[in-house]
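# Results of the structural survey
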Amino acid sequence: MREKQIDKLKDYKYGFTTDIENIRAPKGLNKEVIEFISKAKKEPKWMLDWRMKAFERLKNLKEPNWQKPKYPKIDYQDIYYYSAPKSASETPKSIDELDPKLLETYKKLGIPLQEQQRLNGIAVDAVFDSVSVATTFKDKLNEVGVIFCSISEAIQKHPEIVKKYLGSVIPLTDHYFATLNSAVFTDGSFVYIPPGVKCPMELSTYFRINASQTGQFERTLIIADKGSYVSYLEGCTAPMRDENQLHAANVELVALDNAEIKYSTVQNWYPGDENGKGGIYNFVTKRGLCKGTNSKISWTQVETGSAITWKYPSCVLQGDNSIGEFYSIAITNNYQKADTGTKMIHLGKNTKSKIISKGISAGFSDMTYRGLVDISSKAKNSRNYTQCDSLLMGNKCGAHTVPYIKNKNPESNIAHEATTSKISEEQLHYCQQRGLNPEEAVGLIVNGFCKEVLQQLPMEFAVEAQKLVGISLEGSVG
Amino acid sequence: MEEQLKIDFEKLLENSNFSKKNAEIKRKNFDNFIEKGFPNRREENWKFSDLNQIISKNIKNLSFYNDLSKPNKIDQSIYIDGLEHNKIVFVNGRIEKIEFDYEEKNKIEILDDLVLEKSNNTTNSLLFLNNAFVSKYFKLIIKKNYSLQKPLVIYNITNKDLVSKNINLKVDIFLEENSSLKLIEFSNDKSTTNFININYNFNVQKNSILKNYKIDNNSNSNIKYCFNNISQDANSVSEIFLLSSGSEFIKNEINCNLNGKYSSAFVNGVFILNETKHHEIKTNINHIVENTKSYQLIKGVLEDTSKAVYQGKIFVDSKAQKTDGYQLSKAILLNDNTEFNAKPELEIYADDVKCSHGSASGSLNEDSIFYLMSRGLNYKEAKKLLINGFLLDVVEKITDSEIKNLIKNIMSLKQ
Amino acid sequence: MLKIKNLKADIESKSILNNFNLEIKPGEVHAIMGPNGSGKSTLSNILSGKKGYDVSGEILFENKNLFELETEERAHKGIFLAFQYPLEIPGVNTNIFLKTSLNAIRKARGEKELDAIEFLKLVKLKAKELKFDEEKLNRQLNVGFSGGEKKKNEILQMSILNPKLSILDETDSGLDIDALKIVADGVNSLRKKDNSFLIITHYQRLLDYIKPDYVHVLMNGHIIKSGGPELALELENKGYENFN
């Protein structure tokens, strides 16, 4: 039994911590801490004012409570809102100047940052605790005019673009966690693709929470100007700790006329141990605005980590003929809980959306798909197709499907389908008879179940995601 | 409104001779209602239909006390023609007739002045309101091994004397083992802007069959809520059909607990709405034990600025292996300002189950219209034929052929 | 190779097999014939390790107690079951499934796992031998396959996994004559001195193409008569009813 447990812990291979000296803001949420963050980031005054406005609004907001997973009350005064590796406080000029321990950490994560080892054709921005530590391939991207840097850098170097779009998709006071993020966000990625440019490589950010008792509040802003295209990937990991850590990110996407953004996430924050102790609270707000005509935003997510996942990557389809897509795999095991899905808000004419959601629950976990499809009376000739399938493994876990479907337009059509099933004894027996052990068999069948979503991921991520699907369900077959 | 409620409640207690205990329970329910008030859209259950708003928009000076001392005349012309049936007739909330001419008298028992035994274990404020203000509370018991020869029709009639009143009705129906009942609820309203609040409790014992057809077809300006609680034992069957069409607003809520193995529940319904009508069907089917089955099919045709809502939930307990649960909702929107909202929900804690739901809404298929027109129909006829077929599909699920034909006639559906 | 002694199997306290005995030596082909409900499929299920049966008695495979082995360990040791009703597994590519299986078995036997190129070469070869449409191998496992294609796919898997003992559970049912010949050719090409077969069937038809060494008649849960190929013909003439 004990041995098995140790084996299990090994399953979360990203569970190490790195011993790095940190600079931290004092614990707690107050004006001084926000000023500290803003100062540490060398922000202009307008940015500090913006944060303060959010902080003021936050006082009047309550944490939402309609979601299925309930969590113990969070003491917002007991969290560090800013933690930075000491060595990064003087911004390194190049990656060679980075703390070797940091480089080592990213190597362990399988993300080599050093130029000579860099991943083929993927530009990486690495965010460690509260700060962006390195962005690769900057020069090459510069040549075509793509801006890919940390949001802190963008605030300093490209204030006009940031000012124009920050908070334009997720308003300052959208809801409690989004507003909290607006007040205290520390870092994250910024992407701007100029008109007509097809970004020559995949852009990627790796988020890592390292320090204890620290919340991570990153902010990502991606703007695809007219006729441009970008594919962006994010990955997330954290050490194993007994405490619950809060991660409340905001991600805003804006696609102008004829632009397309493809946003993929492989979320593997520490899920807590077998008994549900520890793990990340992943309360994330992600929203894309298809602002221009013929624009397209596509979200793909593989959610396997976190103690509680609570996110709804959404699309506001404002431009005529715009398209929103959401492809999701969410897996919960042990005592994990997830309440995830999407919102497709159809405002423009001829807008189309597609939702494919695959939920898998095992152990004592609980999974909810929650989604909204809203076709307004002006969104003539719009279409939505939704398919959400759940797979249960055992009868100690739960699967919940809560779609909200609103149609106010007679020329538009909405179709929704959902099923719940299990892996049949016969399927397992068949695979075992061909020599696969039960866990391999389950991995294979589950990957088949998720195929439509896995296909959406860029190649490099797809392989990682497939393995993750298998690993996440280990110990759930019996 | 709170002032009016208090005055009317005291008036009710004064003019009725409730036992001390009953009055106490009523007061408790009354206090609960005062505390919660009419539900509004902040409650998940009322998200798509804000009753508080609907009542204040449609009813001026709503009052809650209803003098039931004088009998009302029954307008017999509204009786269902061409169907032999037993009758219970309510007029303006007062029971005027109980007639079981077709049945063995000792097989049916009616208790007509029941006392609330204890306050319900509920958070539903409209049940509080009902318990507080209902003056008589009925219970119908069908004895063991007895199947009613003819259907029972409960007429719920309101006449033009009734204006801006709240009417509360509460009826328990108990089907003992191996019995069966076909129940048609038929409403006819000539009254204006009342709030009618009905609570049915069905207890369907082992091997029994309940068929319940709710017909709301005549156009009226009343606001209605009907809560149906059904609890089912082993091998029992319940079949519900809803024709949701006439009232300005009606929400039919069905809470069905499948407590016995091999019990099954069927809920079929159609919305046919025009003008500013706003109707909702809300179901909660709870699969508590193994080998239970539920099937729901809801269709709507919406015209003008009408709105329909279907919230259907299937819950499967971890003990309820081998559950078979299905729900499908479809709507056709005929005008620019119509709206269809659906929330088909699954909550499942057992792995060996078969559950699915589907929902679709949109316009009539133009290709089909074109096809029919190419065969010589004009646009209007083609449209009518397609809608006819769309709705017929639900009506065909009715298992009693006599009642099926009756409902087809009422809906003027062609075969 | 396979020794079954006094096998008894119940399902939900209903007796399916009792006092069942059978021995198969390397290189032999045995056929078991029996009417519906005689316990034929139970036998193949138990040999492959399907759960849900109460069993007693003894099954030795190469002197190893089968009851101690999981389903996949039996597959690693070389037991292959061609299913009566091959399962559909949505989303799982047939080629990937086969490669995963083959490498799981090779790994368990201490053999080198095949890389994608080596594997595809092997599959191409075998598919050609069995006249199996290669394009189908890129589809989801058995999804949308006709009954005959599913059965041929089983034989293809058999020839790729190269088992020691192949159990064919009514592989002939639902096959037309052409498909039956292809299946039979596949089996015959695998007949070697070390490979054994257990063919479970209703009809004598398949045995026209695959000549068995022994035929056993299974009724009421045990073998009531054993003999050479001529027994199958006798059975076909008399019918099961008059056979007792």
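Residues numbered from 1 in each chain as written. Chains lettered and ligands numbered in written order. Predicted model: local features only at pLDDT ≥ 70, side-chain atom pairs only at ≥ 80, totals over all residues. Heavy atoms only, no water.

Attention now goes to the overall build of chain C. A tally of regular secondary structure across chain C gives 7 helices and 12 strands. Sorting the 244 residues of chain C into buried and exposed places 54% on the buried side. On chain C, the mean spot of the 35 positive side-chain charges and the mean spot of the 35 negative ones are 3 Å from each other. (Helix = DSSP H or I, 4+ residues; strand = E, 2+ residues; numbered from the N terminus. Buried < 20%, exposed > 50% of the residue type's maximum accessible area, 1.4 Å probe, protein only. Lys, Arg positive; Asp, Glu negative; His and termini not counted. Charge placed at Lys NZ, Arg CZ, Asp CG, Glu CD.)

As a further point, take the sheet that holds strand S6 (residues 79–82) of chain C. Residue and element names in this part refer to chain C. Spatial strand order, S6-S9-S10-S3-S11-S12: 6 strands in an open sheet with mixed pairing. Each end of this open sheet is capped by a strand with a single partner; those strands are S6 and strand S12 (222–227). Strand-to-strand twist in this sheet, taken as the mean axis angle between neighbours without regard to direction, amounts to 20 degrees. Here 5 bridges tie strand S9 (residues 165–169) to strand S10 (residues 196–201), and the two strands are oriented parallel to one another. Within S10, the residue paired with Leu168 across the bridge is Ile199. (Pairing = 2+ DSSP bridges. Axes fitted to C-alpha atoms, helices over the stretch in contact; angles between N-to-C directions.)

Right, let's talk about the domain arrangement of chain B for a bit. All names here are of chain B. Structurally, chain B comprises domain 1 (2–260) and domain 2 (374–415). Using only C-alpha atoms to locate each centre, domain 1 and domain 2 end up separated by 30 Å. Taken together, the contacts link 13 residues of domain 1 with 12 residues of domain 2. Carbon and sulfur atoms supply 74% of the area buried between domain 1 and domain 2, which totals about 1100 Å² over both sides. (Domains from an automatic or database assignment. Contact = heavy atoms within 4.5 Å. Buried area = accessible area lost by both parts, 1.4 Å probe.)

With that settled, the discussion passes to helix H3 (residues 94–108) of chain C. Residues and elements named next belong to chain C. Here H3 is 15 residues long and its end C-alpha atoms lie 21 Å apart, about the 21 Å a rise of 1.5 Å per residue gives. When H3 is considered as a whole, its buried residues turn out to be Thr94, Asn95, Phe97, Leu98, Ser101, Leu102, Asn103, Ala104 and Ile105. With a side-chain oxygen positioned 2.8 Å from the backbone nitrogen of Asn95, the residue opening H3 is Asn93. (Expected span 1.5 Å × (residues − 1). Polar contact = N/O pair within 3.5 Å; in protein donor to acceptor, adjacent residues only side chain to side chain.)

Let us now look at the interface of chain A and chain B. Taken together, the 34 residues of chain A in the interface contact 35 residues of chain B. For the pairing of chain A and chain B, the buried interface totals around 2700 Å² over both sides, and the portion due to carbon and sulfur atoms is 47%. Counting the contacts that link chain A with chain B gives 2 salt bridges. Across the pair Asp336 of chain B and Lys380 of chain A runs a salt bridge whose closest N-O atoms are separated by 3.9 Å. On the surface where chain A and chain B come into contact, there are 17 residue pairs in polar contact (both at pLDDT 80 or more). Secondary-structure elements contributing two or more residues to the side of chain A that touches chain B are strand S23 (398–407) and strand S24 (413–422) of chain A. Broken down by class, the residue content of the side of chain A that touches chain B amounts to 12 nonpolar, 14 polar and 8 charged. Note that S24 of chain A and strand S19 (residues 354–362) of chain B share 7 bridges and pair antiparallel. Of the residues in S19 of chain B, the one forming a bridge with His416 of chain A is Ser359 of chain B. (Salt bridge = Lys/Arg side-chain N within 4 Å of Asp/Glu carboxyl O. Nonpolar A, V, L, I, M, F, W, Y, C, P; charged D, E, K, R; others polar.)

A common way to express how large an interface is: the accessible area buried when the components associate. With 31 residues of chain C at the interface, the matching set in chain A holds 18 residues. Taken over both partners, the interface formed by chain C and chain A buries close to 2100 Å², and the fraction arising from carbon and sulfur atoms is 63%. On the chain C side of the contact with chain A, Glu72, Phe83 and Leu87 of chain C bury the most area, a combined 25% of that side's loss. Where chain C touches chain A, the interface holds 2 salt bridges. Ionic pairing is found between Glu426 of chain A and Lys50 of chain C, a salt bridge with its closest N-O pair at 3.3 Å. At the surface where chain C touches chain A, the tally comes to 12 residue pairs in polar contact (both at pLDDT 80 or more).

Relative to the assigned elements, Thr285 of chain A resides in strand S13 (residues 279–290). Excluding anything up to four places from it in sequence, Thr285 of chain A contacts Ile170, His175, Ala178, Ala249, Asn250 and Val251 of chain A.

On to the side chain of Asn22 of chain B, then. Structurally, Asn22 of chain B is set in helix H2 (residues 20–36). The residues touching Asn22 of chain B, leaving out its near neighbours within four places in the chain, are Val115 and Leu116 of chain B.

Residues and elements named next belong to chain A. When you line up the elements, Pro26 lands in the loop between strand S1 (22–24) and helix H2 (31–40). When the C-alpha atoms of Pro26 and Phe190 are compared, they prove to be 27 Å apart, with 164 residues separating the residues in sequence. Residues within four places of Pro26 in sequence aside, it is in contact with Val33, Phe36 and Tyr80.

Before going further, it helps to examine the nonpolar core. Counting 94 residues, the largest nonpolar core has Leu203 of chain A together with Leu152 and Ile173 of chain B as its most contacted members. Those residues in contact with Ile173 of chain B that lie beyond four places of it in its chain are Leu140, Leu181, Leu183, Tyr200, Asn201, Phe202 and Asn203 of chain B. Cys431 and Ala462 of chain A together with Leu218 and Ile223 of chain C belong to the second largest nonpolar core, which has 67 residues in total. (Core = buried A, V, L, I, M, F, W, Y, C linked by side-chain atoms within 4.5 Å.)

Residues and elements named next belong to chain C. Taking strand neighbours across the sheet as the criterion, the 4 strands line up as S2-S1-S4-S5 in an open arrangement whose pairing is antiparallel. Each having just a single partner strand, strand S2 (14–24) and strand S5 (64–65) make up the two edges of the open sheet. Here strand S4 (residues 54–61) runs beside S5; their pairing, made up of 2 bridges, is antiparallel. Paired with Leu60 across the two strands is Asn65, which belongs to S5. Running over the sheet, helix H1 (residues 40–48) touches strand S1 (2–11), S2 and S4 and is turned about 110 degrees from S1.

The subject of this paragraph is the pattern of salt bridges. For the structure shown, the criterion picks out 59 salt bridges over all chains. Glu170 of chain C is paired through a salt bridge with Lys40 of chain C; the nearest N and O atoms lie 3.4 Å apart. Of this pair, Glu170 of chain C sits in the loop between S9 and helix H6 (177–190) while Lys40 of chain C sits in helix H1; the two residues are 130 residues apart in sequence, bridging distant segments of the chain. Between Lys51 of chain C and Glu70 of chain C there is a salt bridge, with the nearest N and O atoms lying 3.9 Å from each other. One end of the pair, Lys51 of chain C, is in the loop between H1 and S4; the other, Glu70 of chain C, is in the loop between S5 and helix H2 (71–77), and 19 residues separate them in sequence. Its relative accessible area of 55% is what places Lys51 of chain C among the exposed residues. Residue Glu70 of chain C is classed as partly exposed on the basis of its relative accessible area of 38%. It is possible to trace a salt-bridge network through shared partners that takes in Lys68 and Asp366 of chain A together with Glu44, Lys313, Lys343, Glu345 and Glu347 of chain B.

Bringing the pairing of strand S2 (residues 94–99) of chain B into the picture now. Inspection of the sheet shows strand S1 (residues 86–91) of chain B paired to S2 of chain B by 5 bridges, in the antiparallel sense. Opposite Ile88 of chain B, over in S2 of chain B, you have Ile98 of chain B as the bridge partner.

With that settled, consider the arrangement of the chains. The top pair by number of contacts, from a total of 2 pairs of chains in contact, is chains A and B. Separated throughout, chain B and chain C approach each other most closely at a C-alpha pair spaced 16 Å apart.

As a further point, take the pairing of S23 of chain A. Among the 10 residues that make up S23 of chain A, 9 are buried, leaving the element largely enclosed by the rest of the structure. The pairing of strand S21 (residues 366–375) of chain A with S23 of chain A spans 10 bridges and is classified as parallel. Note on S23 of chain A: the bridge partner recorded for Val373 of chain A is Ile405 of chain A. Pairing of S23 of chain A with strand S18 (residues 339–348) of chain B, which is carried by 6 bridges, proceeds in the antiparallel orientation. Residue Ala399 of chain A lies in a different strand from S18 of chain B, and its bridge partner there is Ile348 of chain B.

Quick look at the packing of aromatic side chains now. All names here are of chain B. For the coordinates displayed, the defined rule picks out 34 aromatic pairs over all chains. Aromatic side chains Trp46 and Tyr225 sit 5.5 Å apart centroid to centroid with 50 degrees between the ring planes, which places their arrangement in the tilted category. Of this pair, Trp46 sits in the loop between H2 and helix H3 (51–58) while Tyr225 sits in strand S10 (residues 223–232), and the two are 179 residues apart along the sequence. For Trp46, a relative accessible area of 2% corresponds to the buried category. (Phe/Tyr/Trp six-rings, centres within 6.5 Å; stacked < 30°, edge-to-face > 60°.)

All names here are of chain C. As for its position among the elements, Lys112 is in the loop between H3 and helix H4 (116–129). Lys112 gets classed as exposed once you look at its relative accessible area, which sits at 54%. If we ignore the near neighbours within four places in the chain, the residues touching Lys112 are Arg106 and Glu118. A distance of 3.3 Å separates polar atoms of two side chains, one belonging to Lys112 and the other to Glu118.

On to the confidence of the model for chain C. Summarising the model, chain C shows a mean pLDDT of 89, and 100% of its residues fall at 70 or more. Across the interfaces of the predicted complex, the ipTM metric reaches 0.85, alongside a pTM of 0.85. (pLDDT = per-residue confidence, 0-100.)

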